[in-house]
Each structure stands twice: as C-alpha cells, then as structure tokens.
Amino acid sequence: MRDVTTAQPRQDLAVQPTPLALLLLGREADPKSERGVECPGDLPSPSDPDLVARARAAKEKLGDKVFVLGHHYQRDEVIQFADVTGDSFKLARDAAAKPEAEYIVFCGVHFMAESADILTSDDQKVVLPDLAAGCSMADMATAEQVAECWDVLTEAGVAEQVVPVSYMNSSADIKAFTGKHGGTICTSSNAKKALEWAFEQGEKVLFLPDQHLGRNTAVRDMGMSLEDCVLYNPHKPNGGLTAEELRNAKMILWRGHCSVHGRFSLDSVNDVRERIPGVNVLVHPECRHEVVAAADYVGSTEYIIKALEAAPRGSKWAIGTELNLVRRLANRFAAEDKEIVFLDKTVCFCSTMNRIDLPHLVWALESLADGKLINQIQVDAETESFAKLALERMLALP
C-alpha cells in the first residue's frame, strides 16, 4: 500500500508566482508603480468626528510651511482644505509659484505629485497622502514597454521620423523618455498645439499613453482621418502592427485609456438626450471617439467649468467626466437653475483619486506638523532632467 503520509509534491508542477501576480494580489509593493504601493502609518478612523477639526488645527500649526493642492476629482471632504484647486498641470505650476512653502501636500495621484516635484525647487518636499493613489492610465505605459516600442519603430525604419508626445497623465519615466527623444508633453487643453509642434519636427507622432485624447485631437481638431491612426498594443509582438502599417501611419497611438472616461458610450449620449430634451452634452476628450463625435461640446476639466460658468440660467447639461466634479458643479450652479447631470446612469468615481480621503489627509498634515516627513515623492535627478526638458518644450508652445 502506498504511504500517502510521505508522498512529496511533484516539483515540476510547482508554480512560482510572478512579481506582477504578487503585486496584484497585494502581497508585494512596487515604489515605481502608479499602484500597489503600501501606505505605512496608523490612520485616524474614518468615523472620528474630530477629523475636520484635526485637519484644520494641523494646517494652522504648519502655516505658510504647507501648501495644499486639490485636484478637481477629489472628494469634497478633501477639497475643503485645498489652498488651490485645478487640473494636474495647473496645480504643479501653482506649487512651483509658491517657493516659500516647504511642504507641498498634493491631493491627487502619483504622476501629479511627480510633476510637482519636477517643477518645484529642491528645497520643497512633495507629499502624497496615500502612496497607493495612482492612475490606471499612467500604469498602462511602462518605461520598459515604451523602450521596446521604440525598438520596434527603429526596426521598421521609422523611428527617425517619429516625435513622441506624452499626455501629462503619465509617469515621470515616460515624460523623461519623451524629453530624451525630442518630444513634448501636452495637456487636454493644449494637445492640438503640441501635435502641431510635433508635426513640424517630424512626420509621425507616437502619442502616449491615452489613445482617445490622441485620436480625438488628430481627427476632430486637426482634420486627420481614422485611417491615419494606428493602435500600438504593448502586449502584442511588434505592438500588433506590421512595418507597413507603421510606415503609413501619421499617429501611432498607445493602447491606454482612462478607466473613468472610457466608460461613457454612445448609448449614454443617446439615452440622456431622450431623457432630457434640449440637454447640452459636454464631455472630456479622454472619452471614446464616438462619444466625442456625438457630443455638443468637448474640453478639459477647466473648459468644462468655464463652460458651465458662462451657461445661461435654466440651461441643461449632461457632463461626461469624473463624478466628484460633476456633483460639485451641480450643487454650485443649482441656485442659477442650471440642471447638471452625470452623462451615464452608472456611478463612476475615479477609484484611485478617491484613495485620498480625510483620514489620509489628517495623517499627512499631523505628521508634518509633528516634524515627521512622510510619503515624500522624489524623482531621481536624471529622470527629472529629461522630464523637465519635455515639460519646458510644452511651456514654450505658442
């Protein structure tokens, strides 16, 4: 009879989990990733009734030493403590314009805090209240993947014709790659200017990492055709493209997208028009091309805010962007009888942006007030140098 108590497992069937699998399971941390980073420290309880008072007291104790930035997509409980609000690039520039602030507390996500560190002085320290507040879009393009893409372009004989243009919503590594290869950064507000500049430098553009902003800008704003655009998939050999396709393309779009804006569909637009006669559909250019084509207005978060500020009393609006901002705008303009609704029926928060909550902010401010520097975001000198070069090219755009 076989002695089952001494049977040994077959070693050749043992499966060793990969680092990525461990990261996704939450069993490892990757400090260079936009996600999966551990956040140390004992956080206050979310049910603590004194959280608002504690945040206010810590901020007052720090005085001019701290400058709190709040992205438009942040929770109201966090936004109330922001010294300035805005989109990612505006906030990074605001931080750079505040040299007397020793601490920059960035209530946003990882790539935004990196940009702030790049643009601020070496004496200023950028703090992200929760290091796990990342960006799924930024995670969709790693330095290794983009370097491999450049090799593919080189083998196809087109690399010398390609100018990289990277969206602000990218990691410092991708911004550095862009700077090193003669490219520029863009925002959703100046993407057209960035592409016009790039096509003056070369014949083709590699647009990273949001395919939708690249496609919408090229086709909607610059008159290109969808056939001028190809989609590079980093998970397929050669990006899933032939050398001929790369040679014929004007826009080489990276296969990345925003998890929030990518949820809006043409059905969302058609449905809201049926439900609310006379509604104006206003969407962010990170939405899919068919959604942008069906909308009445398209623009960045700053554009959306200004459009609603200028809208006539009694007008109706369906907004295709993150829910925190839409809800805040609906409350703000309710007194002017402006009806503002979320474009989709499904609630759609940015999950990583929402990791910055009041307990994390209180913990960050109280730690700084006690002289403890936590969750500092630091970009290494070489990466910062090339990333700053790309950002400066953007700042020089007309």
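This structure is a prediction, so every number in the text was calculated from the model and none was measured.

1. What about the nonpolar core?
Stage number 1. The biggest cluster of nonpolar side chains holds 110 residues, and the ones touching the most others in it are Val 105, Phe 207, Met 251, Val 283, Ile 340 and Leu 365.
Stage number 2. Per-element accounting of this core gives the leading share, eight residues, to helix α16 (residues 358–369).
Stage number 3. Leave out the neighbours within four places in its chain, and Leu 365 touches Ala 55, Ala 58, Lys 59, Leu 62, Val 66, Val 68 and Val 105.
Stage number 4. Listed in part, the 21 residues of the second largest apolar core include Ala 156, Val 230, Leu 241 and Ile 252.

2. Some details on the pairing of strand β10 (residues 280–283)
Stage number 1. The side-chain alternation of β10 yields two buried faces, one formed by Asn 280 and Leu 282 and the other by Val 281 and Val 283.
Stage number 2. Pairing between β10 and strand β12 (residues 316–320): four bridges, direction parallel. Considered in β12, the bridge of Val 283 is made with Gly 320.
Stage number 3. Both β10 and strand β11 (residues 297–298) contribute to a ladder of two bridges, which runs parallel. Pairing of Val 283 across the sheet is with Val 298, part of β11.
Stage number 4. As for the winding sense of the linkage, the β-α-β connection from β10 through helix α13 (residues 289–294) to β11 is right-handed.

3. Digging into the sheet that holds β11
Stage number 1. An order of β11-β10-β12-β13 is seen for the four strands of this open sheet, with the pairing classed as parallel. Whereas interior strands pair on both sides, the edge strands pair on one side only; in this sheet they are β11 and β13 (339–342).

4. Quick notes on the pattern of salt bridges
When the charged atoms of two side chains lie near each other, side chains of opposite charge can form a pair.
Stage number 1. Inspection of every chain in the model, using the stated rule, returns 15 salt bridges.
Stage number 2. Lys 65 serves as the salt-bridge partner of Glu 102, at 3.9 Å between the closest nitrogen and oxygen. On the criterion of sequence distance, the pair formed by Glu 102 in the loop between α4 (88–96) and β3 (103–107) and Lys 65 in the loop between α2 (51–62) and β1 (66–71) is long-range, its members being 37 residues apart.
Stage number 3. In this structure Lys 65 comes out as partly exposed when scored by relative accessible area, which is 40%.
Stage number 4. Asp 130 serves as the salt-bridge partner of Arg 355, at 3.2 Å between the closest nitrogen and oxygen. A residue pair is termed long-range when its members are at least 10 positions apart, and Arg 355 in the loop between β13 and α16 and Asp 130 in the loop between β4 (125–127) and α6 (136–139) qualify at 225 residues.
Stage number 5. On the basis of relative accessibility, which here comes to 41%, the residue Arg 355 falls in the partly exposed class.
Stage number 6. Here the salt bridges do not stand alone but share partners, grouping Asp 48, Arg 54 and Glu 366 into one network.

5. Quick word on the confidence of the model for the protein chain
Stage number 1. Residue-level pLDDT values for the protein chain average 89, and 89% of them are 70 or greater.
Stage number 2. Across residues 1–15, confidence stays below pLDDT 50; counting only partners more than four residues off in sequence or on other chains, it has one contact.
Stage number 3. In this model residues 20–27 is a low-confidence stretch, pLDDT under 50, and it forms 10 contacts with partners more than four residues away in sequence or in other chains.

6. Observations regarding the environment of Pro 398
Stage number 1. Along the chain, Pro 398 falls in the segment after α17 (381–395).
Stage number 2. Measuring from C-alpha to C-alpha, the distance between Pro 398 and Trp 197 comes to 9.2 Å, with 201 residues separating the pair along the chain.

7. Let's talk about the environment of His 235
Stage number 1. For His 235, the location among the structural elements is in the loop between β8 (229–232) and α11 (243–248).
Stage number 2. Given a relative accessible area of 62%, His 235 falls into the exposed group.
Stage number 3. The sequence separation of His 235 and Gln 145 amounts to 90 residues, and the corresponding C-alpha distance is 8.7 Å.

8. Description of the sheet that holds β4
In a beta sheet, neighbouring strands pair by backbone hydrogen bonds and run either parallel or antiparallel.
Stage number 1. What the five strands build is an open sheet, ordered β2-β1-β3-β4-β14; its pairing is mixed. The open sheet terminates on both sides in strands that have one partner only, identified here as β2 (84–86) and β14 (376–377).
Stage number 2. One ladder, built from three bridges, connects β3 with β4; its direction is parallel. Paired with Tyr 103 across the two strands is Lys 125, which belongs to β4.

9. As for the side chain of Thr 184
Stage number 1. Its location among the elements puts Thr 184 in strand β6 (residues 184–186).
Stage number 2. Look past the residues within four positions of Thr 184 in its chain and what remains in contact with it is Pro 164, Val 165, Ser 166, Thr 178, Ala 194, Trp 197, Ala 390, Arg 393 and Met 394.

10. With respect to the pairing of β1
Stage number 1. Among the six residues of β1, six are classified as buried, and the element is accordingly described as predominantly covered.
Stage number 2. Pairing of β1 with β3, which is carried by five bridges, proceeds in the parallel orientation. The residue of β3 that forms the bridge with Val 66 is Tyr 103.
Stage number 3. Two strands pair when backbone bridges link them, and β1 and β2 are joined in this way by three bridges, in the parallel orientation. Among the inter-strand pairings, Leu 69 is bridged to a residue of β2, identified as Val 84.

11. Quick notes on the packing of α2 against α16
Stage number 1. At a minimum axis separation of 9 Å, α2 and α16 run at an interaxial angle of 30°. Remark: the crossing between α2 and α16 carries left-handed chirality. Facing α2, whose interface residues are Leu 51, Val 52, Arg 54, Ala 55, Ala 58, Lys 59, Lys 61 and Leu 62, α16 presents Leu 358, Pro 359, Val 362, Leu 365, Glu 366, Leu 368 and Ala 369.

12. Considerations on the state of the cysteines
Stage number 1. Tallying each qualifying case throughout the model produces zero disulfides.
Stage number 2. No disulfide involves Cys 258; its nearest neighbouring cysteine sulfur is the one of Cys 350, lying 6.5 Å away.

13. Considerations on the packing of helix α7 (residues 143–155) against helix α8 (residues 172–180)
The packing of two helices is summarised by the inter-axis angle and the distance between the axes.
Stage number 1. With their axes 9 Å apart at the nearest point, α7 and α8 run at an angle of 25° to one another. The angle between α7 and α8 places the two elements in the roughly parallel class. Of the residues in α8, those touching α7 at Ala 143, Val 146 and Trp 150 are Asp 173, Ile 174 and Phe 177.
Stage number 2. Looking at the contact of α7 with α8 residue by residue, the classes come out as five nonpolar, no polar and one charged.

Thresholds, definitions, all that
Residues numbered from 1 in each chain as written. Predicted model: local features only at pLDDT ≥ 70, side-chain atom pairs only at ≥ 80, totals over all residues. Heavy atoms only, no water. Core = buried A, V, L, I, M, F, W, Y, C linked by side-chain atoms within 4.5 Å. Buried < 20%, exposed > 50% of the residue type's maximum accessible area, 1.4 Å probe, protein only. Helix = DSSP H or I, 4+ residues; strand = E, 2+ residues; numbered from the N terminus. Contact = heavy atoms within 4.5 Å. Pairing = 2+ DSSP bridges. Right-handed = clockwise from strand over helix to strand, strands pointing away. Salt bridge = Lys/Arg side-chain N within 4 Å of Asp/Glu carboxyl O. pLDDT = per-residue confidence, 0-100. Axes fitted to C-alpha atoms, helices over the stretch in contact; angles between N-to-C directions. Left-handed = near helix turned anticlockwise from the far one by under 90°. Disulfide = S-S within 2.5 Å. Parallel < 35°, antiparallel > 145°, perpendicular 65-115°, else oblique. Nonpolar A, V, L, I, M, F, W, Y, C, P; charged D, E, K, R; others polar.

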